[in-house]
Structures are given as C-alpha cells and as structure tokens.
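Geometric and topological summary
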Amino acid sequence: SQQGEEDPQALSIQEGENATMNCSYKTSINNLQWYRQNSGRGLVHLILIRSNEREKHSGRLRVTLDTSKKSSSLLITASRAADTASYFCATDRTSGTYKYIFGTGTRLKVLA
Amino acid sequence: DTEVTQTPKHLVMGMTNKKSLKCEQHMGHRAMYWYKQKAKKPPELMFVYSYEKLSINESVPSRFSPECPNSSLLNLHLHALQPEDSALYLCASSHPGLAGGPDRNEQFFGPGTRLTVL
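If you're wondering where the values come from, they're calculated on a predicted model, not measured in any experiment.

Here is what the cut-offs are and how they apply
Residues numbered from 1 in each chain as written. Chains lettered and ligands numbered in written order. Predicted model: local features only at pLDDT ≥ 70, side-chain atom pairs only at ≥ 80, totals over all residues. Heavy atoms only, no water. Helix = DSSP H or I, 4+ residues; strand = E, 2+ residues; numbered from the N terminus. Rg over C-alpha atoms; globule rule 2.2 N^0.38 Å. Buried < 20%, exposed > 50% of the residue type's maximum accessible area, 1.4 Å probe, protein only. Phe/Tyr/Trp six-rings, centres within 6.5 Å; stacked < 30°, edge-to-face > 60°. Salt bridge = Lys/Arg side-chain N within 4 Å of Asp/Glu carboxyl O. Pairing = 2+ DSSP bridges. Axes fitted to C-alpha atoms, helices over the stretch in contact; angles between N-to-C directions. Contact = heavy atoms within 4.5 Å. Buried area = accessible area lost by both parts, 1.4 Å probe. Polar contact = N/O pair within 3.5 Å; in protein donor to acceptor, adjacent residues only side chain to side chain. Nonpolar A, V, L, I, M, F, W, Y, C, P; charged D, E, K, R; others polar. Disulfide = S-S within 2.5 Å. 1 Å grid on protein atoms, 1.4 Å probe; cavity = no way out; pocket = protein on both sides within 12 Å on 5 of 7 lines; lining within 4 Å. Points joined across faces, edges and corners; volume = space filled by probe spheres on them.

With respect to the overall build of chain B
When helices and strands are counted, chain B shows 0 helices and 11 strands. Along chain B, from the amino end to the carboxyl end, the secondary structure elements read β-β-β-β-β-β-β-β-β-β-β. At 14 Å, chain B has a C-alpha radius of gyration in line with the 13 Å of a compact globule built from 118 residues. Here chain B holds 118 residues, and the buried ones make up 46% of them.

So this is what it looks like as structure tokens:
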C-alpha cells in the first residue's frame, strides 16, 4: 500500500507549546499536502510542499520535506485549543492519473 | 465561492433502500472525488472524475454507483448497502492537475454525509 504512516498517532500538549507530527511515505511523489480535520467534519487544506522544496511556512505552520528519507514533518508553533483536530498528510503519485493517498493521521489535543 | 456542499448531512437507510448523496461546487474545478472515512481512520479514495469522466475506481463494490452529470455536480447512488458501509462520505474537488503545477492540486472538501446503514 502506498498509504503514508504518521506518528505519533495521538499527541496531547498544553496551549502555547509546539506540536510536531511526522509523515512517512513509500513511493516517489510530486508533492505532499497537510490537512486538518475537526471531529467528524470535512478536511481543510493547510499547506502544500512540492518535491523540489525542503521547507515551507504558513503562519504558525512549518512543513519540511526530505525526499531522500521519504518523510515530512508538520510543526505547529504556539498551539491553541482551536488547533485540536486530526492532521493528515496526503501524497500523490508521480505518474498515472492524479490522486492523493492519505496517511494514517495524528490526533492532536491542545489543553487550555 | 470556495465551498463544496454536500447533501444530506446525515442519512440513515436500510439495506434494501436506494438513496443518493449529492455534492456541488462552483469553483470551476474539473476533478471531483468521493472518499469514504471510517472513525479514526484516514479518508479512503473511492472514485475520481476528471472532466466529467470516471478516471479512477478504487475497486469499489457495485452497490456504490457514482455519477457526474456536469462539471459542478457529483452524485453517489447507493443501493443494497451493508452495515459495514456506515461511514462519513466526503466529496472533494480540485483542478485536475498538472502534476507539480503551482498549488493547483489542493483539494477542497465538503463537510461530508454521515451515513448509517441499519
């Protein structure tokens, strides 16, 4: 399966702390995206990083990509209770019809 | 308008019922997707439509039948479902992608339909 693996599966931190979650994948990719999902609702796109990029920032989010290790990390700085959600990475294939495969996800809980 | 809408929000059906899920977007996206998501699991791709043509069917049972009547609408027809089909069904849309294009592959998701099969 091409499905990515994320770790940790669950993470609980205090408000104001940083949260780091990791994603590993198996095949070559064009780009990798991170999504957030609040409980039982649709996914919200957070950030996209292309295979030729190593780091990308968006507000309190920092994403890194290491294609040699087939891994990515998402860092959320100065976390807030509203960041409580599940976070998924999603990777595409470099050939064939475009589609995304989602990782197993990290459930983040930020305690106020 | 950057919204994907899905109806209904909740659906309860018996195993002999026929029902349909609907999805709509007006962002000019020519790729639309159906995903199935079980609790505490990632979304699993079911179908992809590109330019209103079915381009990916991830070996989904025939009791799920997708339809793309036009570039803004996507339906999922349900018939003779099983209790294990109970899940959150998510619709998404995007530009069909030029792979590696400038942020063209972002998917916009609808809020989902929570389906319960009795």
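As for the packing of aromatic side chains
One pass over the full model with this rule turns up 8 aromatic pairs over all chains. A network of ring pairs unites the aromatic residues A:Tyr35, A:Phe88, A:Phe102, B:Tyr33, B:Tyr35 and B:Phe109 as a single cluster.

Remarks on the pattern of salt bridges
With the rule as written, the count across this model stands at 6 salt bridges over all chains. Here A:Arg50 ties to A:Glu53 by a salt bridge, and the two come within 4.0 Å at their closest N and O atoms. For A:Arg62, the salt bridge is made with A:Glu55, and the minimal N-O distance between the two is 3.1 Å. Within this structure, B:Lys36, B:Arg63 and B:Asp85 form a network of salt bridges that share partners.

Some thoughts on the sheet that holds strand β3 (residues 18-25) of chain B
Residue and element names in this part refer to chain B. Spatially, 4 strands are ordered β1-β3-β8-β7 in an open sheet, and the strand pairing comes out antiparallel. Each edge of the open sheet carries a strand with a single partner, namely β1 (4-7) and β7 (64-70). Across the sheet, the mean angle separating the axes of adjacent strands is 20° when strand polarity is ignored. With 5 bridges connecting them, β7 and strand β8 (residues 73-79) associate as antiparallel partners. Note that in β8 the partner of Pro66 across the bridge is Leu76.

A look at the interface of chain B and chain A
With 29 residues of chain B at the contact, the number on the chain A side is 23 residues. Surface buried jointly by chain B and chain A totals about 2,000 Å² across both partners, of which 55% is contributed by carbon and sulfur atoms. Three residues stand out in chain B for area buried against chain A, namely B:Pro42, B:Asn105 and B:Phe109, and they jointly supply 23% of the buried area on that side. Counting across the interface, chain B meets chain A through 0 salt bridges. At the boundary of chain B with chain A, the tally comes to 3 residue pairs in polar contact (both at pLDDT 80 or more). Those elements that place two or more of their residues in the side of chain B that touches chain A are β4 (31-37), β5 (44-50), β6 (53-57) and β9 (87-94) of chain B. For the side of chain B that touches chain A, the class distribution of residues is 14 nonpolar, 9 polar and 6 charged.

Digging into the sheet that holds strand β6 (residues 55-58) of chain A
Residues and elements named next belong to chain A. Reading across the sheet, the 5 strands line up as β1-β3-β8-β7-β6 and stay open at both edges, with antiparallel pairing between neighbours. The open sheet has two free edges, formed respectively by β1 (5-7) and β6, since each of these has just one partner strand. Sheet twist, expressed as the average angle between the axes of neighbouring strands with direction ignored, equals 15°. Pairing of strand β7 (residues 61-66) with strand β8 (residues 71-76), which is carried by 6 bridges, proceeds in the antiparallel orientation. Of the residues in β8, the one forming a bridge with Thr64 is Ser73.

A short note on the state of the cysteines
All names here are of chain A. For the structure on display, the rule yields 2 disulfides over all chains. Each sulfur in the disulfide pair Cys23 and Cys89 lies 2.0 Å from the other. Between Cys23 and Cys89 the sulfur-sulfur dihedral comes to about 70°; the bridge is accordingly right-handed. Highlighted residues: Cys23 in strand β3 (residues 19-24) and Cys89 in strand β9 (residues 85-92), separated in sequence by 66 residues. For the pair formed by Cys23 and Cys89, the shared burial category is buried.

Remarks on the layout of surface pockets
The probe, sized like a water molecule, is rolled over the atoms to show the empty space still left. Each pocket or cavity is described by its volume, and for the largest pocket that value is around 350 Å³. Taken together, 21 residues form the lining of the largest pocket, with A:Gln37, A:Ser39, A:Gly40, A:Ser86 and B:Lys40 sitting closest to its centre. When contributions to the lining of the largest pocket are tallied by element, the ones reaching two or more residues are β9 and β11 (106-111) of chain A. Tallied by class, residues from the lining of the largest pocket come to 5 nonpolar, 11 polar and 5 charged.

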